[in-house]
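Here's the letter readout for the chains.
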Amino acid sequence: MPFPPKIEQLLEELDFFDDRMERYQALIEFADRFQEAPASISGPRPFPESQRAPRCDSEAYVWTEALADGKFKYHFAVENPQGISAKAMAVILDECLSGEDPELAVNLSHDVVFSIFGKEISMGKGQGLMGMIDLVRIQTRRLLEVSRVP
Amino acid sequence: MSISSELSPAERGYVHPEILVSTEWVAQHLNDADVRLVESNEDLLLYPSGHIQNAVQVDWTSDLNHQVVRDYLGKAEFEKLCSRIGITPDTTVVFYGDKSNWWAAYALWVFSLFGHKKVKLMDGGRLKWEKEKRALTREIPKFAPTDYQAAQERDDETIRALRDVVMEHVKSKKPLVDVRSPLEFTGERLHMEDYPNEGALRGGHIPGAKSVPWARSINPEDGTFKTAEELRQIYQVEQGVKPDDDVVVYCRIGERSSLTWFVLTHLLGYQKVRNYDGSWTEWGNLVGAPIEKP
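In this report, we go over the structure that sits alongside the text. This structure is a prediction, so every number in the text was calculated from the model and none was measured. (Residues numbered from 1 in each chain as written. Chains lettered and ligands numbered in written order. Predicted model: local features only at pLDDT ≥ 70, side-chain atom pairs only at ≥ 80, totals over all residues. Heavy atoms only, no water.)

1. Overview of the overall build of chain B
Each helix and strand in chain B was counted, giving 11 helices and 9 strands. When the backbone C-alpha atoms are referred to their principal axes, chain B occupies close to 50 × 50 × 35 Å. Counting across all 294 residues of chain B, residues that qualify as buried make up 58%. Considering only intrachain contacts with a sequence separation of at least 6, the fraction spanning at least 24 residues in chain B is 75%. Of the roughly 12200 Å² of accessible surface on chain B, a fraction of 51% belongs to carbon and sulfur atoms. Taking the average place of the 36 positive charges on the side chains of chain B and the average place of its 45 negative ones, the gap between the two points comes to 2 Å. (Helix = DSSP H or I, 4+ residues; strand = E, 2+ residues; numbered from the N terminus. Buried < 20%, exposed > 50% of the residue type's maximum accessible area, 1.4 Å probe, protein only. Contact = heavy atoms within 4.5 Å. Areas by Shrake-Rupley, 256 points an atom, 1.4 Å probe, with all protein chains shown as cover. Lys, Arg positive; Asp, Glu negative; His and termini not counted. Charge placed at Lys NZ, Arg CZ, Asp CG, Glu CD.)

Here you go:
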């Protein structure tokens with residue numbers, strides 16, 4: 001299954017970079033745009049374990065907010081200050097999935113991690129980023145199920 | 001009594017304290033032409049997001065590993081790497097990185113395979129540097145390439161153990177140290193907690209191995225190493241592994257065990273420690289290899 005259109009567009013842009021450092025630089029620009037979930041969404045620290053991405057040693061947390069139009073907005077927190085990749089991933093997921101067809105989030109493949117960060121990503125780091133995707137998928141699916149209950 | 005992380009490396013009683021440098025030492029040598037700072041991380045975005053001034057990046061996958069065969073780079077590739085980062089055999093290479101210096105120790109170990117003698121590790125790695133709010137930069141330094149000549153071909157015998165050697169080691173009942181987490185050691189898990197159970201078909205440990213998770217050597221608050229006395233208590237008193245023993249250390253792919261190799265060899269002065277980099281991803285898949293499981 002293809003990735004969501006905005007992610008496909010991002011991958012096309014990343015493909016322009018032949019040099020891996022330039023590619024990393026582009027990803028860091030995503031991390032630089034990271035903004036933590038507002039307190040009105042996340043609540044106070046410590047954040048609940050149920051919102052914590054599994055397998056992520058950057059301590060990423062995910063919240064999915066239902067919008068009025070049936071779409072969703074994704075919010076994140078990354079507690080480990082060295083969690084640069086997690087912050088980049090959070091911004092990419094927010095910018096590519098928020099306000100889009102929720103099914104795109106539900107069906108997002110783990111493969112997107114390798115497509116964005118490269119196959120050389122370590123197993124530990126890759127699993128953490130996939131854990132963020134897992135939580136986005138699960139939260140979206142749950143909210144969709146709730147919204148479909150008559 | 002001071003906790004070990006409040007003591008300088010020279011005050012902690014190590015056999016070779018000169019192998020470890022403090023963050024302050026690094027801060028004073030940022031522009032020292034005889035010193036090259038090398039950052040090695042698990043997270044590939046960390047270095048470009050900010051690193052110590054004049055530090056170059058050496059990546060464990062793309063720079064240190066062979067790109068096809070599961071092995072390290074050869075002598076010619078190592079020379080090319082060292083030439084690219086502008087060092088000579090006389091350059092003091094100081095490694096540091098994330099994850100309590102896992103990958104930095106791994107890089108230091110690979111440099112040692114080729115006989116680069118002047119190597120050091122920055123105590124506490126990135127964690128300590130950042131906790132002290134020391135400066136980071138995104139400026140990638142440029143150094144004039146050199147024509148590095150390695151001291152030797154890759155030495156796969158002195159500090160590296162290949163599987164046949166480990167098999168003989170087991171038969172001879174010589175000491176092994178398994179630095180993985182307790183659940184990996186018992187075979188309940190094939191990877192660290194919260195990581196997927198993949199990479200090996202069997203769980204457990206190499207027969208006779210002692211379980212000493214790598215993290216026991218580290219002060220978790222700042223990533224510095226524990227004192228020699230604390231380390232001896234763990235390895236010698238608790239586990240009975242002596243400085244003149246022939247020791248093999250291993251983990252899952254050889255990175256965590258590089259850190260323990262560093263502790264035993266350089267901080268405690270053990271004479272013969274070899275890192276089995278094939279580790280559990282090889283042993284746990286090897287047909288007929290003996291495994292101990294409680």
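2. Considerations on helix 5 (residues 102–113) of chain B
All names here are of chain B. With 12 residues, helix 5 extends 17 Å from end C-alpha to end C-alpha; this agrees with the ideal 16 Å at 1.5 Å per step. In terms of residue burial, helix 5 counts as a mostly covered element, since 12 of its 12 residues are buried. Within the span of helix 5, buried status applies to Trp 102, Trp 103, Ala 104, Ala 105, Tyr 106, Ala 107, Leu 108, Trp 109, Val 110, Phe 111, Ser 112 and Leu 113. Taken together, the buried residues of helix 5 touch helix 3 (60–64), helix 4 (75–84), strand 4 (92–96), strand 5 (119–122), helix 10 (256–267) and strand 9 (272–276). Positive phi appears at Gly 115, one or two residues downstream of helix 5, with a value of about 80 degrees. (Expected span 1.5 Å × (residues − 1).)

3. Quick notes on the packing of aromatic side chains
Residues and elements named next belong to chain B. One pass over the structure, following the stated rule, counts 17 aromatic pairs over all chains. A ring pair is formed by Trp 60 and Tyr 106, whose centres lie 6.3 Å apart and whose planes are at 85 degrees; its orientation type is edge-to-face. Taken as a pair, Trp 60 in helix 3 and Tyr 106 in helix 5 lie far apart in primary sequence, 46 residues in all. Residue class for Tyr 106 comes out buried when judged on its relative accessible area of 3%. Centre to centre, the rings of Tyr 72 and Trp 109 are 5.4 Å apart; their planes meet at 75 degrees, and the pair counts as edge-to-face. In this pair, Tyr 72 is assigned in the loop between helix 3 and helix 4 and Trp 109 in helix 5, connecting sequence segments 37 residues apart. Taking the relative accessible area as the measure of exposure, Tyr 72 reaches 4% and is therefore buried. (Phe/Tyr/Trp six-rings, centres within 6.5 Å; stacked < 30°, edge-to-face > 60°.)

4. Considering the interface of chain B and chain A
Tallying the contact residues gives 27 residues for chain B and 20 residues for chain A. Counting each side, the surface lost to burial between chain B and chain A is near 2100 Å², with a carbon and sulfur contribution of 58%. Our count for the contact surface shared by chain B and chain A stands at 4 salt bridges. Viewed at the interface, chain A and chain B are joined by 6 residue pairs in polar contact (both at pLDDT 80 or more). Contributions of two or more residues to the side of chain B that touches chain A are made by helix 2 (46–49), helix 3 and helix 6 (125–131) of chain B. For the side of chain B that touches chain A, the residue count by class is 10 nonpolar, 5 polar and 12 charged. (Buried area = accessible area lost by both parts, 1.4 Å probe. Salt bridge = Lys/Arg side-chain N within 4 Å of Asp/Glu carboxyl O. Polar contact = N/O pair within 3.5 Å; in protein donor to acceptor, adjacent residues only side chain to side chain. Nonpolar A, V, L, I, M, F, W, Y, C, P; charged D, E, K, R; others polar.)

5. Here's the deal with the sheet that holds strand 3 (residues 55–57) of chain B
Two pairing modes exist for strands in a sheet, parallel and antiparallel, and in both the strands are linked by backbone hydrogen bonds. Residues and elements named next belong to chain B. Spatially, 1-5-4-2-3 is the arrangement adopted by the 5 strands of the open sheet, whose pairing is parallel. The two strands at the open ends of the sheet, each matched to only one other strand, are strand 1 (20–21) and strand 3. By the bridge criterion, 3 bridges tie strand 4 to strand 5 in an arrangement that is parallel. Within strand 5, the residue paired with Val 94 across the bridge is Lys 120. Running at roughly 175 degrees to strand 5, helix 5 makes contact with strand 4 and strand 5 of the sheet. (Pairing = 2+ DSSP bridges. Axes fitted to C-alpha atoms, helices over the stretch in contact; angles between N-to-C directions.)

6. Brief notes about the environment of Lys 6 of chain A
With respect to the element layout, Lys 6 of chain A can be found in helix 1 (residues 5–14). Those residues in contact with Lys 6 of chain A, other than ones at most four positions away along the chain, are Glu 95, Cys 96 and Glu 100 of chain A.

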